[in-house]
2 protein chains.
Amino acid sequence: MSEDDKARPTRDFGETRKRAAGQQTTIHDVARLAAVSIGTVSKALNRGGRLKPETRERVIAAAKQLSFRPNDLAQSLHRGHSLTVGLISKDNFGRFAMPIMEGLEECMADRSMAVFMCNATDDPERESHHVRSLLGKRVDGIVVTARRADRRPPLEVAASGPPVIYVFSQTDDPDALCLLPDDEGGSFMATEHLVKLGRRRIAHVTGPENFEAVQLRRRGYRAALQAAGLSAPDAHCLTGAWSEAWGRQALASLFDDADNAPDGIVCGNDQIARGIADGLRERGVDAPAAVSIVGFDNWQILAEATRPALTTIDMNLKELGREAGRRLMEMIAGASMKGVRRLPCSLIVRDSCGGRAKS
Amino acid sequence: MSEDDKARPTRDFGETRKRAAGQQTTIHDVARLAAVSIGTVSKALNRGGRLKPETRERVIAAAKQLSFRPNDLAQSLHRGHSLTVGLISKDNFGRFAMPIMEGLEECMADRSMAVFMCNATDDPERESHHVRSLLGKRVDGIVVTARRADRRPPLEVAASGPPVIYVFSQTDDPDALCLLPDDEGGSFMATEHLVKLGRRRIAHVTGPENFEAVQLRRRGYRAALQAAGLSAPDAHCLTGAWSEAWGRQALASLFDDADNAPDGIVCGNDQIARGIADGLRERGVDAPAAVSIVGFDNWQILAEATRPALTTIDMNLKELGREAGRRLMEMIAGASMKGVRRLPCSLIVRDSCGGRAKS
DNA sequence: GTGAAAGCGCTAACAA
DNA sequence: TTGTTAGCGCTTTCAC
């Protein structure tokens, strides 16, 4: 055979090619099998121009027989877009990032876009490494997310680079687009729910002061009280950790002055709510009969395990992820958007507030 | 200007190119600025052959000035590998998938590989769509994961396709490589811990029978008892849901026969353990003084919130993800591996078992 | 209706 | 030491 090989002029590109590209079938193989030119194959396989139906059939059959997958890399190189986007998470993939990722991935997959997953874990070095990598991969867009929705420095992407969108994360760059849950509205909704149930002494137990979400949720709580013509003493608005232990501790201080004990508690998150529910049971106070509790986050596994099962606010994070995907697609298509958009939360009613709210 | 444009022969490739590729700087731009050929640029930018240092400097400077990122797509097209892998999750990105993803991503990022994130959510249609997409993107390898480690049909990837590895997920294909936590060993370790603490009537409360993990963990529990010369009545080995409620319920049945109540409980997961801890407190039984509890999963937020904080088994999922990354890289490099490997779990000691184990 | 060929941005072999 | 060029696999005019 060596003789044959040597004799044959170096024209059998097919083989050379296959060896280099790792045994993948290429459009040339299909063309050869269908006995047409590669141009024709391309036309037949894509929603192509005029072509004799018979030829098209033949090409398609050949492609199937070789189980041919066109090489997206080559395609992208030519078309100038890669059909991929990057998802960068500044900190760990946490509990909150997960549904966002899910929503985003779902939205992108529906549009035949692939998502690169990048975790920067609070390390700016790592983050910019990821950004460079994504840029090298010519992603069509980038989504930035985080474990907590507070401000962060903008991503180092030139204006000429791909569009960037911040989800559950925000930045100071006034030209950036940030998508966030409506913490204030959610908290308003929670408080209003208690008001509608007839609660009048509504307290608020929430997380660390330095979270923007804490401030927003408190504002929502206050606004709802005000709207109902109610007010609350300072001692009824407690700031601490995002934990069950803090919930129990706060409850103790709320019930120290038994005469002024609240009949409703709006919690900063579900863990706090869980602590409060447990604390109440241990004090022999009946929830929801004597005290209504609302949580925040709708951390399902926790909310359902709490006794009574928590009525809580859902930030609709998955939908937030989907919306990010949709918007990013628009930006990729050329739309320019900026500013901060907040998506509505939902109230999930379970058992911790008592009888259904009167409309 | 139109005149100029028309007059000029179609030789100014640079401009044409830039327009098509979305304003990205190319190697040609760098070459022009540095006044060298593109071959030289390539050599200078990659760890390249012999080159006059001065020239190299000049090229690098030019590249920096234009903030040039080589197009990985083009590079991959030529080299025949894409420096990307795909991560397919059969079901949702759940609590277990998260650390695995983190570990994998970390490992890959360290090797300058990017990870595509694909979620199939129990939909075989969606899964094969994702596989096709990954194949089209010419990923160098694929990782399959799941919410639960039970068997699944193998991924539809031809033998000639990229290597596949199953993590926290397994398949019947005897040629596949599956990476799993050592459930049996973990449970053995948990039980042994109680034995060393002097517990003699050790019960086991676990999840649904149809989980492979349930069977393995039970086996580990039994083996540890046997190794210690202990035994347990059938009534001390309870199967139910993976929930707190089941934990409380099981506890009730365990303590119905007060004389035969256990002094140690090995739980199938942390939620069950939490239910048991709560149940114990509500019955006025002191844990860990009277009863030791061990959980499983080391779901940190839950384990720490439990009173007493749970001693539990950590499946080291992040490490599992890293290991998957390492192995996949070896497979990409040509190694062939198969079979089921189980990675060791760790015992995380907190407060729910009482005094430190001797030895 | 089909084929030929230029070219997407880059690398590597070969020339100079 | 540097430049030239033939591809990687695909799309897309433009001829025929």
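The shown structure was predicted, so the numbers you read here are calculated from the model rather than taken from an experiment.

### Examining the packing of helix α9 (residues 183-196) of chain A against helix α10 (residues 212-227) of chain A
Residues and elements named next belong to chain A. Between α9 and α10, whose axes approach to 7 Å, the crossing angle comes to 40°. For the element pair α9 / α10, the angle class is oblique. Relative to α10, the crossing made by α9 is right-handed. For the pair α9 and α10, contact is made by Asp183, Glu184, Ser187, Phe188, Thr191 and Glu192 and by Ala213, Leu216, Arg217, Arg219, Gly220, Tyr221, Ala223, Ala224, Leu225 and Ala227, respectively. Here the residues of the contact of α9 with α10 are counted per class, giving 8 nonpolar, 3 polar and 5 charged.

### What to know about the relation of the copies chain A and chain B
Screw-axis analysis of chain A against chain B gives a translation of 0.0 Å along the axis, an RMSD of 0.1 Å, and a rotation angle of 180°. In the structure described here, the two chain copies are related by an operation that fits a two-fold rotation axis. Taking C-alpha positions as the reference, the residue of chain A nearest the rotation axis is phenylalanine 116 of chain A, at 2.2 Å. Comparing interface residues between copies, 100% of those in chain A also lie at the interface in chain B; the contact surface is shared.

### Points about the packing of aromatic side chains
The tally for this structure, following the rule as stated, stands at 6 aromatic pairs over all chains. Centroid distance phenylalanine 96 of chain B to phenylalanine 168 of chain B: 5.6 Å. Interplanar angle 40°. Geometry classified as tilted. Taken together, the positions of phenylalanine 96 of chain B in the loop between β1 (84-89) and α7 (97-110) and phenylalanine 168 of chain B in the loop between β5 (164-167) and β6 (170-171) put the pair 72 residues apart, joining distant regions of the chain. For phenylalanine 168 of chain B, a relative accessible area of 5% corresponds to the buried category. If you follow arginine 95 of chain A out to its NZ or CZ, it ends over the ring of tryptophan 299 of chain A, 3.7 Å from the centre.

### As for the sheet that holds strand β1 (residues 84-89) of chain A
With mixed pairing, the 12 strands of this open sheet are ordered in space as β13(A)-β7(A)-β5(A)-β3(A)-β1(A)-β2(A)-β2(B)-β1(B)-β3(B)-β5(B)-β7(B)-β13(B). Two strands lie at the open edges of the sheet, namely β13 (339-343) of chain A together with β13 (339-343) of chain B, each paired on one side alone. The mean inter-strand angle of the sheet, taken between neighbouring strand axes irrespective of direction, is 25°. Of the pairings in the sheet, the one linking β1 of chain B to strand β2 (residues 114-119) of chain B comprises 6 bridges and is parallel in character. Among the inter-strand pairings, glycine 86 of chain B is bridged to a residue of β2 of chain B, identified as phenylalanine 116 of chain B. Across the sheet, α7 of chain B lies against β2 (114-119) of chain A together with β1, β2, β3 (141-145) and β5 of chain B, angled at about 85° from β2 of chain A, the strand it touches most.

### A closer look at the sheet that holds strand β14 (residues 346-348) of chain A
Residue and element names in this part refer to chain A. Across the sheet, 6 strands lie side by side as β9-β8-β10-β11-β12-β14; this open sheet has mixed pairing. Of all the strands in the sheet, the pair left with one neighbour each is β9 (237-239) and β14. Put simply, the sheet's adjacent strands are angled 20° from each other on average, direction ignored.

### A few points about the environment of leucine 328 of chain B
Relative to the helices and strands, leucine 328 of chain B is located in helix α14 (residues 317-332). With sequence-adjacent residues up to four places away left out, leucine 328 of chain B is seen in contact with Val85, Met108, Gly141, Ile142, Val143, Pro163 and Ile165 of chain B.

### Some points on the interface of chain A and chain B
Each partner contributes to the interface: chain A provides 56 residues, whereas chain B provides 56 residues. Summed over both partners, the interface of chain A with chain B comes to about 5,000 Å²; 54% of that surface belongs to carbon and sulfur atoms. Looking only at chain A, the three residues that lose the most surface to chain B are Leu73, Met117 and Arg138 of chain A, adding up to 15% of its buried area. For the pair chain A and chain B, the number of links is 12 salt bridges. Residues arginine 281 of chain A and glutamate 282 of chain B are paired through a salt bridge, measuring 3.2 Å at the closest nitrogen-oxygen approach. The interface formed by chain A and chain B contains 22 residue pairs in polar contact (both at pLDDT 80 or more). Of all the secondary structure elements, the ones that give two or more residues to the side of chain A that touches chain B are α6 (72-79), β1, α7 (97-110), β2, α8 (124-136), α11 (244-256), α12 (270-283) and α13 (300-305) of chain A. The residue makeup of the side of chain A that touches chain B, split by class, is 21 nonpolar, 16 polar and 19 charged.

### A word on the packing of helix α3 (residues 27-34) of chain A against helix α4 (residues 38-45) of chain A
All names here are of chain A. With their axes 9 Å apart at the nearest point, α3 and α4 run at an angle of 100° to one another. Between α3 and α4, the crossing angle belongs to the class labelled roughly perpendicular. Listed contacts from α4 to Ile27, His28, Val30 and Ala31 of α3 are Ile38, Val41 and Ser42. Class assignment of the residues belonging to the contact of α3 with α4 gives a composition of 5 nonpolar, 2 polar and no charged.

### Quick word on helix α6 (residues 72-79) of chain B
Of the residues making up α6 of chain B, those classed as buried are Asp72, Leu73 and Ser76 of chain B. One face of α6 of chain B carries all of its buried residues, which in axial projection span an arc of 100°. Residues of α6 of chain B that are buried make contact with α6 and α8 of chain A. Of the residues flanking the start of α6 of chain B, the one acting as N-cap is asparagine 71 of chain B, its side-chain oxygen 2.8 Å from the backbone nitrogen of leucine 73 of chain B. Once α6 of chain B finishes, glycine 80 of chain B follows within two positions and takes phi at roughly 85°, a positive value.

### Considering the environment of threonine 40 of chain B
Residue and element names in this part refer to chain B. Following the sequence through the fold, threonine 40 ends up in helix α4 (residues 38-45). Residues threonine 40 and cysteine 178, 138 residues apart in the sequence, show an inter-C-alpha distance of 45 Å. Beyond its immediate sequence surroundings of up to four residues, threonine 40 is in contact with Leu51 and Thr55.

### Section: unusual backbone geometry
The peptide bond linking alanine 287 of chain A to proline 288 of chain A adopts the cis configuration, its omega dihedral lying at 10°. At the junction of arginine 307 of chain A and proline 308 of chain A, the peptide bond is cis and its omega measures out at -5° in the coordinates. Along the chain, the position of proline 308 of chain A falls in the loop between α13 and β12 (311-314). Residues other than glycine seldom take positive phi values, yet serine 67 of chain A does so here, at roughly 40°. Within the element layout of this structure, serine 67 of chain A appears in the loop between α5 (53-65) and α6. With phi around 50°, phenylalanine 168 of chain B is a residue other than glycine that occupies positive phi space.

### Focus on the pattern of salt bridges
If you walk through the whole model with that rule in mind, you get 52 salt bridges over all chains. For lysine 137 of chain B, the salt bridge is made with aspartate 72 of chain A, and the minimal N-O distance between the two is 3.2 Å. Here lysine 137 of chain B is found in the loop between α8 (124-136) and β3, whereas its partner aspartate 72 of chain A is found in helix α6 on a different chain. With a relative accessible area of 6%, lysine 137 of chain B lands in the buried category.

### Some points on the side chain of asparagine 119 of chain B
Tracing the backbone shows asparagine 119 of chain B in strand β2. Residue asparagine 119 of chain B is classed as buried on the basis of its relative accessible area of 3%. At 3.0 Å, the side chain of asparagine 119 of chain B and the side chain of threonine 121 of chain B are in polar contact. Residues contacting asparagine 119 of chain B, with those up to four places away along its chain left out, are Glu102 and Glu105 of chain A together with Ser89, Asp91, Asn92, Phe93, Arg126 and His130 of chain B.

Thresholds, definitions, all that
- Residues numbered from 1 in each chain as written.
- Chains lettered and ligands numbered in written order.
- Predicted model: local features only at pLDDT ≥ 70, side-chain atom pairs only at ≥ 80, totals over all residues.
- Heavy atoms only, no water.
- Axes fitted to C-alpha atoms, helices over the stretch in contact; angles between N-to-C directions.
- Helix = DSSP H or I, 4+ residues; strand = E, 2+ residues; numbered from the N terminus.
- Parallel < 35°, antiparallel > 145°, perpendicular 65-115°, else oblique.
- Left-handed = near helix turned anticlockwise from the far one by under 90°.
- Contact = heavy atoms within 4.5 Å.
- Nonpolar A, V, L, I, M, F, W, Y, C, P; charged D, E, K, R; others polar.
- Least-squares fit on C-alpha atoms with pLDDT ≥ 70 in both.
- Phe/Tyr/Trp six-rings, centres within 6.5 Å; stacked < 30°, edge-to-face > 60°.
- Buried < 20%, exposed > 50% of the residue type's maximum accessible area, 1.4 Å probe, protein only.
- Lys NZ or Arg CZ within 6 Å of the ring centre and 35° of its normal.
- Pairing = 2+ DSSP bridges.
- Buried area = accessible area lost by both parts, 1.4 Å probe.
- Salt bridge = Lys/Arg side-chain N within 4 Å of Asp/Glu carboxyl O.
- Polar contact = N/O pair within 3.5 Å; in protein donor to acceptor, adjacent residues only side chain to side chain.
- Arc of directions from axis to C-beta.

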